[in-house]
Amino acid sequence: MIRFALPFLLLGLCSTALANLHPQSPKNQKDSLAINSLPLPEELLPEITRIAVPESWVERYPAELIGLQLGMKRKFGKAISLRGLAEDQSNPISEVLVIGPKNDLDSMILAGLSPSASRLSILNHPVDLDSGEIKPVRKLYLETTENPDFQALYRVLGLPSMPTAGSATVYAYDWLDTYSLAYMNFPDLHLIGEKLQVHSVNIPTYLSKAKLKSLSVHFRASHSSIPKGNRRFLNFYLNNNLLRTFQLTANNGVDELFEIPPIVLAPGSYFTFELLPADFSGPGSKDFDLEIDLENTLISPEYRSEFPLLFSSFPKNMEGKPLEIRYDFTLRLAELEALGNLLDILNQRPQKEYPLYFPKMTRINGPEELPMGDTHLILLTQSPEQYEEVFKNLKKIAYSPEGLSHKSDEIGLFLKNHPQTPLTWMELFARDGQHVLLISNDLQDGRPLVEAIDGIEDYYVTDMGNILVADASHYYYFDIRLKELKSQRVENRESFESFWMGYRLYLSAFLLILIVVLLLYVYQKSQTAKKKIEDART
């Protein structure tokens, strides 16, 4: 038997040797090159701007998807949107993380799945554009089971554990007495050279949630040598308000403590450091280097104690009690994205030591399931009229099956200019010690809510009101706490004029009699005093 098998063995060895000597086909070389030149999937994570998930997950895992979007946004410091798989598979955008079971992907996408040593893989597939062009698209893919373990998904993506079951603790928002520039995550501040140098840095939004009572600054900086008798100047601004001008001399540094008057802070407020051009030449002028000491430059804000229910004080005005989110309809992906952005705002707090706060999320069937005053409330609804009895006389916007009623000429004009436009309405008000953020979202479109939440943290110049309205691309603020309708003012004036025309003769006669009586009284008193003086003389 060995004699017969030996020729076949030699034939196999020769065939293998010949195959190894034969060059690879161009196609095989190209495929091998493409796979080897791909980056690691983890290297593409910072480029992600969208997350695509199965549509069936929206109703099953709303809090978990919010946690996923929130974690990615906080990790990479940029906006992350949520999309459905069906919508994304024909989208020619590469910066997408696709998450879900393999059977939710179509066969064309699966054919472009590149091998990966990790659980993150790269999807390469063409997308047909409307112009007829075929565009190659590269996305990240994270495979899950039919019933995913989201905490495990967070770990794979390098995200911290998310308390999606809800935080039962009190929502806290206390400021520190003093903040260093380093604590506020200011970048290294170097001003170099002989020419004008300007550097502006935004102040964290948590410092803008109340009115300043006072602000003290301990400013420290070091700089390279200046020839004796020469000097340079450094201007220090807050929102284009000049706080201080430092004269830089041969001392090689600045160390000053000073107070500044209260200035209105808002999201988008910023410090500006302006190094004026050198007024000397020669050695050191071009190489001049000033470095601001981030660790030891300190600001100490003191705030007034009023935190009105305005969006300019949100979320500071939600502190002191546990915070809950209640909703009464099936949330859409746009609304999950908006709520993730809202939670990001809630967690932009004045102390880094605060743990991530994730309000408890509960779906309800109506007003009878609202929490009592031991919590603050964010209520999201598509049928706000059913809560009118609960919030009666507490709100400025009233809802009914016939529509919306209000006491504001500005809102009336706004509605006149936005007919048949999907809108999100948000209002802050108090109910028996409970602070409520009521969100009425459109039945047909969830995108206005994304714009409304963006409006809360967007930059503004003046105080915001208690009403926020948004369509899909713009947001608007209204403060109607103390306002009445123009028609009401006209009615009140007409009522007064009618009363005056009917009773002016009687009122005039009454005033005349009153004046005569007062004059007689004064005359009688003066005569009595005169008689007493004369009696005293005699």
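If you're wondering where the values come from, they're calculated on a predicted model, not measured in any experiment.

A. Molecular detail of the environment of A398. The residue A398 is located in strand β20 (residues 398-400) in this model. Distance from A398 to E388, taken between C-alpha atoms, is 7.0 Å for residues 10 residues apart in sequence. When neighbours within four sequence positions are excluded, A398 is seen to be in contact with E388, G403, L404 and S405.

B. Focus on the packing of aromatic side chains. Using the criterion set out here, one finds 28 aromatic pairs in the structure. Through a chain of ring-to-ring contacts, three or more aromatic side chains come together here, namely F186, F219, F236, F246, F258, F271 and F273. The ring of Y354 has R349 sitting right over it, with the charged end atom 4.3 Å from the ring centre. A cation over a ring is seen here: K352 above Y183, with NZ or CZ 4.8 Å from the ring centre.

C. Representation of the pattern of salt bridges. Here the structure, examined in full by the defined rule, presents 11 salt bridges. Across the salt bridge formed by R220 and D255, the nearest N and O atoms sit 3.4 Å from each other. Of this pair, R220 sits in strand β10 (residues 212-223) while D255 sits in strand β13 (residues 253-260), and the two are 35 residues apart along the sequence. With a relative accessible area of 23%, R220 lands in the partly exposed category. A relative accessible area of 51% places D255 in the exposed class. Of the charged contacts in the structure, one is a salt bridge between D445 and R447, with a shortest N-O distance of 2.9 Å.

D. Structural detail: the nonpolar core. Within the largest apolar cluster, 104 residues are counted, with the highest numbers of intra-cluster contacts made by I99, L157, F219 and F271. Those residues in contact with I99, other than ones at most four positions away along the chain, are I51, A52, V53, P54, W57, L68, L85, L142, T144, L153 and L157. If you look at the next biggest cluster of nonpolar residues, it comprises 19 residues, including I364, Y399, L438 and V469.

E. A look at the sheet that holds strand β9 (residues 197-202). The strand order β9-β14-β11-β12 describes an open sheet built from four strands, whose pairing is antiparallel. Single-partner strands in this sheet number two, and they are β9 and β12 (241-248). Taken pair by pair, the neighbouring strands of this sheet meet at an average axis angle of 15°, ignoring direction. Here five bridges tie strand β11 (residues 232-238) to strand β14 (residues 270-275), and the two strands are oriented antiparallel to one another. If you follow Y237 over to β14, its bridge partner there is T272.

F. Up close: the layout of surface pockets. Its boundaries defined by the atoms lining it, the largest pocket holds a volume of some 690 Å³. Taken together, 24 residues form the lining of the largest pocket, with N185, P204, T205, Y206 and Q348 sitting closest to its centre. Grouping the constituent residues of the lining of the largest pocket by class yields 12 nonpolar, seven polar and five charged. Roughly 550 Å³ of volume is contained in the second largest pocket. Forming the boundary of the second largest pocket are 20 residues, of which Y399, G403, L404, W425 and D442 lie nearest the centre. Of all the secondary structure elements, the ones that give two or more residues to the lining of the second largest pocket are β20 and β21 (403-405).

G. Geometry of the packing of helix α9 (residues 333-346) against helix α11 (residues 447-457). The interhelical angle for the contact between α9 and α11, taken along N-to-C directions, is 10°, at an axis separation of 8 Å. The angle between the axes of α9 and α11 places the two elements in the roughly parallel class. When you trace α9 past α11, the crossing you get is left-handed. From α9, A334, E335, E337, A338, N341, L342 and I345 reach across to α11, where they touch R447, L449, V450, I453, D454, I456 and E457. Broken down by class, the residue content of the contact of α9 with α11 amounts to eight nonpolar, one polar and five charged.

Parameters at a glance
Residues numbered from 1 in each chain as written. Predicted model: local features only at pLDDT ≥ 70, side-chain atom pairs only at ≥ 80, totals over all residues. Heavy atoms only, no water. Helix = DSSP H or I, 4+ residues; strand = E, 2+ residues; numbered from the N terminus. Contact = heavy atoms within 4.5 Å. Phe/Tyr/Trp six-rings, centres within 6.5 Å; stacked < 30°, edge-to-face > 60°. Lys NZ or Arg CZ within 6 Å of the ring centre and 35° of its normal. Salt bridge = Lys/Arg side-chain N within 4 Å of Asp/Glu carboxyl O. Buried < 20%, exposed > 50% of the residue type's maximum accessible area, 1.4 Å probe, protein only. Core = buried A, V, L, I, M, F, W, Y, C linked by side-chain atoms within 4.5 Å. Pairing = 2+ DSSP bridges. Axes fitted to C-alpha atoms, helices over the stretch in contact; angles between N-to-C directions. 1 Å grid on protein atoms, 1.4 Å probe; cavity = no way out; pocket = protein on both sides within 12 Å on 5 of 7 lines; lining within 4 Å. Points joined across faces, edges and corners; volume = space filled by probe spheres on them. Nonpolar A, V, L, I, M, F, W, Y, C, P; charged D, E, K, R; others polar. Parallel < 35°, antiparallel > 145°, perpendicular 65-115°, else oblique. Left-handed = near helix turned anticlockwise from the far one by under 90°.

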